[in-house]
Amino acid sequence: MSPHLSLLRNLPKYLRPSAPRSSIRPLGRALHGTSIAFAGHLPPRNAGFKKIEEQDRAFFRSILPEQAVRTSDLGPFNTDWMNKYHGKSDLVLFPRTTEQVSKILKHCNDNSIAVVPQGGNTGLVGGGVPVYDELILNMSAMNKIRHFDSASGVVVCDAGCILESLEETLGAEGFITPLDLGAKGSCHIGGNVATNAGGLRFLRYGSLHGSVMGLEVVTADGTILDNLSILHKDNTGYDLKQLFIGSEGTLGIITGVSIWTPPKPKSVKVALVGLDSFKNVQATYEKTKTHLNEILSAFEFWDKESLKLVLSHSIQGTRDPFDDQYPFYVLIETHGSNAEHDDAKLQGLLEDLMEGGEVVDGVVAQDESQSQSLWGLRESIPEACSKAGAVYKYDVSMPQSVLYQLVEDMREHMRSKGALGSKVTDVIGYGHVGDGNLHLNISAPKYTDEVQSLIEPFVYEWIQGHRGSISAEHGLGVMKGAVLPYSKSPEMIGYMRKIKEAFDPKGILNPYKYLPLTESK
Ligand code: FAD
Ligand code: 2HG
Ligand code: ZN
């Protein structure tokens, strides 16, 4: 038996008590035969959109309670989580019912008023804030759970329910949400569906394309599509709800969500291991799948630069659980029904990993508070990375074998341009290994065109060259609409445009985003 194993068994009780878990580019060439119409800058405001006038505000006041029409102190609604994207809207509406959403949209459509649907405003591609003066339709006042059926595990709720609140309510019934994100304290289930969020449990419970049973959606002209099905099987025609999952508010406003929820696991185990190479991260994943199989619920990795940032900013009081530093860290979580059985499996895995040399060191959480502390390290990374002042985030997927190579190549690229350590503070990598999803974060003192042009199109060409996706789970928003051709063919984009035109012929929903603007449009 490896001498390190005692460490694995006896995690010292130093871990802090339960941590609060919170909360276009100069392509200059044709891609797949599609030319990019605007480069480096946003398109101009579409003059076809009406500027909101007093008579519009009067109409909204006539159908909404007074406090649901907001015209001052709109900074937080105009600014995204990264403080990277800023709009200039002077009107935010907070509808409470689907009928109110319908009336608002009908008025906007009839009057060509552009609208930005907004959930918890935690999106990372600038999709939930206006580009110019679009009306903000904030969903936070639609936050009721409508129905829960413990036999099927299906919950039907308003789109504005905060993910963490939903999780708490379901927890009392013995269920959990099928997705979990670091932004759970603020993001909405409707926002999650609109972005097709992946997150920390994707590996186990899969995509929202599988767990969402039905949706209630209001289309641009105010039509209410009531498809709040609670059925697992329903082969009656085109599955329209799938179009809205991941459509980022460009096809309709999601007002209600019907979603399958798994039973709350009776046993949850969390281990953190230190590794000396990314090759060993991959080897560890292979062994983990074999040992843990059906109980594996998360397999998250980060590099030493990520941990350094978290610790140096003491996010949520985080502490290093190891004496030494390692180039890579992997957090392994199990969701099972028998603690003894799960313990035995996890110990078997860790012994195998230590003996095989894939893992150098490790700790196993002894209780929930220690589990949360280990998760705190992982979930604090996005925030830690913002502390330098600005952060450029690239959420990408690719074959697992080259997952970390992008981080190394980007560092080298920055070094060769003389930018690392000056214009760019850190280049870090972390993410969802099991899903082939890397989060490349590049921090800098401030957002500048110069840094952006050092990163792009390098990063997108790299992804395209490795047959990856330019957006794994965060979506396209305003950041990636123009670069969609790196991942999708002109034929596919052509059909996407036809879908957009079918649901929103005047283009009032979330304009300037999601699809590339070409000369023809
Ligand atoms: P917003 O940011 O408000 O909006 C996002 C998009 O959806 C916008 O285009 C908006 O117009 C649209 N939208 C919002 N609500 C509706 C609605 N009701 N109807 C129609 N359109 C709507 N993402 C992941 O996939 N995995 C992660 O692990 C993850 N972790 C995160 C951790 C942190 C700390 C942060 C800040 C973000 C993280 N995200 C993650 C990104 C983000 O996509 C998710 O936080 C979430 O899904 C966005 O939900 P929201 O309610 O905040 O939506
Ligand atoms: C995560 O996995 C989120 O923590 C955020 O998707 C990633 O901030 C990022 O780049
Ligand atoms: Zn993620």
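Quick caveat: nothing in here was measured; it's all calculated off a predicted structure.

## Side note on helix 4 (residues 98–110)
With 13 residues, helix 4 should reach 18 Å at 1.5 Å per residue; the first-to-last C-alpha distance of 18 Å fits that figure. What helix 4 keeps buried is the set Thr98, Gln100, Val101, Ser102, Ile104, Leu105, His107, Cys108 and Asn109. Two residues or fewer after helix 4 comes serine 112, characterised by a positive phi angle close to 55°.

## Brief notes about the coordination of the zinc ion (ligand 3)
Metal coordination angles have textbook ideals: 109.5 degrees for a tetrahedral set of four donors and 90 or 180 degrees for an octahedral set of six. Taken together, the protein ligands of the zinc ion (ligand 3) are His432 (NE2), His439 (NE2) and Glu473 (OE), with distances of 1.9 to 2.1 Å. For the zinc ion (ligand 3), the single-chain donor residues occur in sequence as H-x6-H-x33-E.

## Focus: the sheet that holds strand 15 (residues 426–432)
The sheet built from seven strands is open, its strands ordered 13-10-12-11-15-16-14 with antiparallel pairing. Because the sheet does not close on itself, it has two edges, and the strands there are strand 13 (361–364) and strand 14 (390–397). Taken over all neighbouring pairs, the strand axes of this sheet differ in orientation by 15° on average, direction set aside. Note: strand 11 (residues 296–303) against strand 12 (residues 328–336), seven bridges, orientation antiparallel. Residue aspartate 303 lies in a different strand from strand 12, and its bridge partner there is phenylalanine 328.

## Side note on the packing of helix 2 (residues 54–63) against helix 4
For the pair helix 2 and helix 4, interaxial distance at closest approach is 10 Å and the crossing angle is 165°. One way to sum up the angle between helix 2 and helix 4 is to call them roughly antiparallel. In this structure, helix 2 meets helix 4 at a crossing whose hand is right-handed. For the pair formed by helix 2 and helix 4, the contact residues are Asp56, Phe59, Phe60 and Ile63 on the first element and Gln100, Lys103, Ile104, His107 and Cys108 on the second. For the contact of helix 2 with helix 4, the residue count by class is five nonpolar, two polar and two charged.

## Structural notes on the UniProt feature "domain: FAD-binding PCMH-type" (unreviewed entry) in the protein
Mapped onto this structure's residue numbering, the UniProt feature "domain: FAD-binding PCMH-type" (unreviewed entry) falls at residues 85–264. Helix makes up 23% of residues 85–264 and strand 23%, and the two end C-alpha atoms of the span are 38 Å apart.

## A word on the site of ligand 2
Around ligand 2, a shell composed of Leu124, Arg378, Pro382, Lys393, Tyr430, His432, His439, Asn441, Glu473 and His474 is seen. At 3.0 Å, a side-chain N or O of asparagine 441 approaches an oxygen atom of ligand 2. Here an oxygen atom of ligand 2 sits 2.7 Å away from a polar atom, N or O, in the side chain of histidine 474. Considered on its own, ligand 2 offers 300 Å² of accessible surface; in the complex 87% of this is hidden by protein. If you list the elements that add at least two residues to the shell around ligand 2, you get strand 15 and strand 16 (437–444).

## What to know about the pairing of strand 12
When you tally the buried positions in strand 12, you get nine out of nine residues, the bulk of the element. Residues Phe328, Val330, Ile332, Thr334 and Gly336 point to one face of strand 12 and Tyr329, Leu331, Glu333 and His335 to the other, with burial holding for every one of them. Two elements, strand 10 (residues 267–275) and strand 12, share nine bridges in a ladder whose sense is antiparallel. Within strand 12, the position partnered with leucine 275 by the bridge is phenylalanine 328.

## Things to note about the pattern of salt bridges
This structure, assessed with the given rule, holds 25 salt bridges. Here glutamate 54 ties to arginine 57 by a salt bridge, and the two come within 3.1 Å at their closest N and O atoms. Residue glutamate 54 and its partner arginine 57 are both found in helix 2; the two are separated by three residues, about one turn of the helix. Judged by relative accessible area, which is 46%, glutamate 54 ranks as partly exposed.

Reading guide: rules and limits
Residues numbered from 1 in each chain as written. Chains lettered and ligands numbered in written order. Predicted model: local features only at pLDDT ≥ 70, side-chain atom pairs only at ≥ 80, totals over all residues. Heavy atoms only, no water. Helix = DSSP H or I, 4+ residues; strand = E, 2+ residues; numbered from the N terminus. Expected span 1.5 Å × (residues − 1). Buried < 20%, exposed > 50% of the residue type's maximum accessible area, 1.4 Å probe, protein only. Donors = N, O, S within 2.8 Å, 3.2 Å for Na, K, Ca; no water. Pairing = 2+ DSSP bridges. Axes fitted to C-alpha atoms, helices over the stretch in contact; angles between N-to-C directions. Parallel < 35°, antiparallel > 145°, perpendicular 65-115°, else oblique. Left-handed = near helix turned anticlockwise from the far one by under 90°. Contact = heavy atoms within 4.5 Å. Nonpolar A, V, L, I, M, F, W, Y, C, P; charged D, E, K, R; others polar. UniProt positions renumbered as here; feature names shortened; annotations may be inferred. Near = heavy atom within 4 Å. Polar contact = N/O pair within 3.5 Å; in protein donor to acceptor, adjacent residues only side chain to side chain. Areas by Shrake-Rupley, 256 points an atom, 1.4 Å probe, with all protein chains shown as cover. Salt bridge = Lys/Arg side-chain N within 4 Å of Asp/Glu carboxyl O.

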